[in-house]
Amino acid sequence: MPTNGLHIEKSSGRIWVDGQLRPDHLSKREVKFILHLAAYPGRIIPRPEIVKAVYETAYEPADDQRLDAMVGRIRRKIGDSVRAPRFLVTLHARGHCLKEYNAQ
């Protein structure tokens, strides 16, 4: 496993941060969320695009709540901070961006 940054095992949802296995696993949808962001390194992905990729539906304003909840769960599982995020960045009213992801 990579010794720096975030790594997600696609098949199991297992998470490594800086080479250390985290105790929680990501759900299939959470993995889809992370992998969609990882496909566009450093790019801000708009929420409607994320909804389409993760839920395979058109975006509606009510989706904001479930995206916010998912982002919160992912942050908890990867040990990321809301105030000073290292991996999962939220840009209010714009979308999300993933940093320090290792796709190995």
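Note: the structure precedes this text.
Predicted model only: the values in this text are computed from it and were never measured. (Residues numbered from 1 in each chain as written. Predicted model: local features only at pLDDT ≥ 70, side-chain atom pairs only at ≥ 80, totals over all residues. Heavy atoms only, no water.)

## A closer look at the overall build of the protein chain
Okay, so step 1: The number of helices and strands found in the protein chain is 3 helices and 5 strands.
Okay, so step 2: Seen in sequence order, the protein chain has helices and strands lined up from the N terminus as β-β-β-α-α-α-β-β.
Okay, so step 3: Taking the principal axes of the C-alpha coordinates as reference, the protein chain spans close to 40 × 30 × 20 Å.
Okay, so step 4: Relative to all contacts within the protein chain whose residues are 6 or more apart in sequence, the contacts with residues 24 or more apart total 47%. (Helix = DSSP H or I, 4+ residues; strand = E, 2+ residues; numbered from the N terminus. Contact = heavy atoms within 4.5 Å.)

## Description of the pattern of salt bridges
Okay, so step 1: For the structure on display, the rule yields 11 salt bridges.
Okay, so step 2: Between lysine 32 and glutamate 56 there is a salt bridge, and its shortest N-O distance comes to 3.0 Å. On the criterion of sequence distance, the pair formed by lysine 32 in helix H1 (residues 28-38) and glutamate 56 in the loop between helix H2 (47-55) and helix H3 (63-78) is long-range, its members being 24 residues apart.
Okay, so step 3: For lysine 32, a relative accessible area of 32% translates into the label partly exposed.
Okay, so step 4: By relative accessible area, glutamate 56 is classed as exposed at 61%.
Okay, so step 5: The partner of arginine 47 in a salt bridge is aspartate 64, with the nearest N and O atoms 3.0 Å apart. Taken together, the positions of arginine 47 in helix H2 and aspartate 64 in helix H3 put the pair 17 residues apart, joining distant regions of the chain.
Okay, so step 6: Of the residues examined, aspartate 64 reaches a relative accessible area of 25% and is grouped as partly exposed.
Okay, so step 7: Shared partners join several salt bridges into a network, and the residues in it are Asp18, Arg86 and Glu100. (Salt bridge = Lys/Arg side-chain N within 4 Å of Asp/Glu carboxyl O. Buried < 20%, exposed > 50% of the residue type's maximum accessible area, 1.4 Å probe, protein only.)

## Let's talk about the sheet that holds strand E1 (residues 6-8)
Okay, so step 1: On the basis of which strands lie adjacent, the open sheet formed by 3 strands has the order E1-E2-E3 and antiparallel pairing. Lying at the two open borders of the sheet, with one neighbouring strand each, are E1 and strand E3 (20-21). (Pairing = 2+ DSSP bridges.)

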